[in-house]
Amino acid sequence: MRCRLPMTALALLAGLALFSGCSPEEKSSTTATRVLAEEVNGFNVSAVNSLLKKGDAASARGDLEEARRYYDKSRNASKQLLSFYRDISGSFRGLDARIPREMDQKGREAMRLLANTNLRLAALFRRMDQPEIAVPVLVEVVRLMTPVKPEGQKAYQRLLELGFVETPYSAAN
């Protein structure tokens, strides 16, 4: 425990020493500074879409376990993105309206991806004869998207098909 603080300080100093030679202009000109913006390996909506596509491909091949891994990764990344976008949006509210607008838009995209991932995951659980595991995932979609949105309606319809709910949602027609 005593060793932790000096080691942390040493790591921070080493990091500063490595990057102190670069000016801000040099950093922005390198591609490594925007590594999280990459479409496939980044940490953004495009990267989550890429995971979904890989899951879809695995599911089409019949490799349900691999599909589940990709869908789980997509779900976790979507949840993290949604949380981070909300946190940043809240932090800048009242300071600079552009940033909350951007974060809110990205948050809506992350929420839509989470809902679509959950729908795919629920379908996968049904294919694997595990409908009871699909229920909480579908309920999350209804909660996130509300029954007014197509994703929420679809999730509620799946819950109806599973027999978890009995009353059809008539406003969907």
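The preceding data block contains the structure.
All of these numbers come straight from a predicted model, not from anything done at the bench. Every chain begins its residue count from 1, and numbering advances along the sequence as written. Side-chain atom pairs in this predicted model are given and counted only at pLDDT of 80 or more, local residue features only at pLDDT of at least 70, and totals for whole chains, interfaces and linings cover all residues. For the side-chain quantities, the full set of heavy atoms in the structure was used; hydrogens and water were omitted.

Chemist: Which parts of the structure should I look at to understand the overall build of the chain?
Modeler: A run of H or I in DSSP counts as a helix once it spans at least four residues, and a run of E counts as a strand once it spans at least two, with each numbered from the N terminus. Secondary structure assignment for the chain yields 7 helices and 0 strands. By the burial criterion, 31% of the 173 residues in the chain qualify as buried. Accessible area for the chain stands at about 11400 Å²; split by element, carbon and sulfur atoms hold 57% of it. Buried, partly exposed and exposed residues are distinguished by accessible area as a fraction of the type maximum, computed with a 1.4 Å probe on protein chains only: under 20%, between the cut-offs, and over 50%, respectively. Exposure was quantified through the Shrake-Rupley algorithm and a 1.4 Å probe, taking into account, for residues, occlusion by the shown protein chains and nothing else.

Chemist: Could you clarify how one ought to interpret a nonpolar patch on the surface in this entry?
Modeler: Each patch is built from residues lacking any salt bridge and having more than 30% relative accessible area; the joining distance is 9 Å for like charges and 5 Å for nonpolar side chains (Val, Leu, Ile, Met, Phe, Trp, Tyr). Here a salt bridge means any side-chain nitrogen of Lys or Arg lying within 4 Å of a carboxyl oxygen belonging to Asp or Glu. A contiguous nonpolar patch, built from Ile88, Phe92 and Leu95 and spanning about 280 Å² of accessible area, is present on the exposed surface. As for its position among the elements, Leu95 is in the loop between α4 (64-92) and α5 (98-127). Assessed through its relative accessible area of 67%, Leu95 is described here as exposed.

Chemist: Explanation requested: the pattern of salt bridges in the structure shown.
Modeler: Side-chain pairs of opposite charge can arise where the charged atoms are in close proximity. Under the defined criterion, the tally for this structure stands at 11 salt bridges. Connected through shared salt-bridge partners, Arg75, Lys79, Glu140 and Arg143 make up one network.

Chemist: Explain the environment of Gln153 to me, please; I cannot follow it from the model alone.
Modeler: Inspection of the secondary structure puts Gln153 in helix α7 (residues 150-162). For the purposes of these results, a polar contact is taken to be a pair of N or O atoms within 3.5 Å, where, inside protein, one atom must be able to donate a hydrogen and its partner to accept one; residues adjacent in sequence count only when each atom of the pair is a side-chain atom. Looking at Gln153, its side chain comes within polar contact range of the main-chain oxygen of Pro147, at 3.2 Å.

Chemist: Before we go on, may I ask you to explain the packing of helix α3 (residues 45-61) against α5 in this structure?
Modeler: Each pair of packed helices can be described by the angle between their axes along with the distance between the axes. Where α3 meets α5, the axes come as close as 10 Å, and the angle between the chain directions of the two elements is 15 degrees. Regarding the angle of α3 to α5, the classification is roughly parallel. Here α3 and α5 pass one another in a crossing that is left-handed. Taking contact as the criterion, the partners of Val45, Val48, Asn49, Leu52, Asp56 and Ser59 in α3 are, on α5, Lys106, Glu109, Ala110, Leu113, Thr117, Arg120, Leu124 and Arg127. Residue composition of the contact of α3 with α5, grouped by class: 6 nonpolar, 3 polar and 5 charged. For every element, the axis is a line fit to its C-alpha atoms; helices are fit only across the contacting stretch, and the angle between N-to-C directions ranges from 0 to 180 degrees. Should an angle fall under 35 degrees it is taken as roughly parallel, and over 145 as roughly antiparallel, whereas 65 to 115 is taken as roughly perpendicular and any remaining angle as oblique. For any helix crossing, the convention is left-handed if the near helix is rotated counterclockwise from the far helix by under a right angle, and right-handed if that rotation is clockwise. Here, two residues are considered to be in contact whenever any of their heavy atoms come within 4.5 Å of each other. All amino acids are sorted into three groups, where Ala, Val, Leu, Ile, Met, Phe, Trp, Tyr, Cys and Pro are nonpolar, Asp, Glu, Lys and Arg are charged, and the leftover types, Gly among them, are polar.

Chemist: When you look at the packing of aromatic side chains in this model, what are you seeing that I'm missing?
Modeler: A ring pair, where both rings are aromatic, is described by two values, the distance of the centres and the angle of the planes. Note on aromatic pairs: the rings of Phe, Tyr and Trp (six-membered ring only in Trp) are paired at centre separations within 6.5 Å, and the planes decide the class, stacked below 30 degrees, edge-to-face beyond 60, tilted for the rest. One pass over the structure, following the stated rule, counts 2 aromatic pairs. Judged by centre distance (6.1 Å) and plane angle (65 degrees), the rings of Phe43 and Phe84 are edge-to-face. With Phe43 in the loop between α2 (24-29) and α3 and Phe84 in helix α4, this residue pair connects regions lying 41 residues apart in the sequence. Given a relative accessible area of 41%, Phe84 falls into the partly exposed group. Each ring, one from Tyr156 and one from Tyr169, has its centre 6.5 Å from the other, and the planes form 70 degrees; the classification is edge-to-face. One end of the pair, Tyr156, is in helix α7; the other, Tyr169, is in the segment after α7, with 13 residues separating them in the sequence. Classification of Tyr169 as partly exposed rests on a relative accessible area of 30%.

Chemist: I would appreciate a short explanation of the nonpolar core in the present structure.
Modeler: When a protein is soluble and globular, its nonpolar side chains tend to lie buried together. Leu124 and Leu138 are the most contacted members of the largest nonpolar core, which has 34 residues in total. Broken down by element, this core gets its largest block of residues, 11 residues, from α5. With near-sequence residues (within four places) excluded, Leu124 lies in contact with Ser59, Leu64, Ala67, Arg68 and Tyr71. Take the buried residues of types Ala, Val, Leu, Ile, Met, Phe, Trp, Tyr and Cys, join any two whose side-chain atoms come within 4.5 Å, and each joined set is a nonpolar core.

Chemist: For this particular structure, what's the right way to read unusual backbone geometry?
Modeler: In this structure, Asp129 takes a positive phi of about 55 degrees despite not being glycine. Here Asp129 is to be found in the loop between α5 and α6 (131-145). A positive phi angle, close to 65 degrees, is found at Thr146, a residue other than glycine. Along the polypeptide, Thr146 turns up in the loop between α6 and α7.

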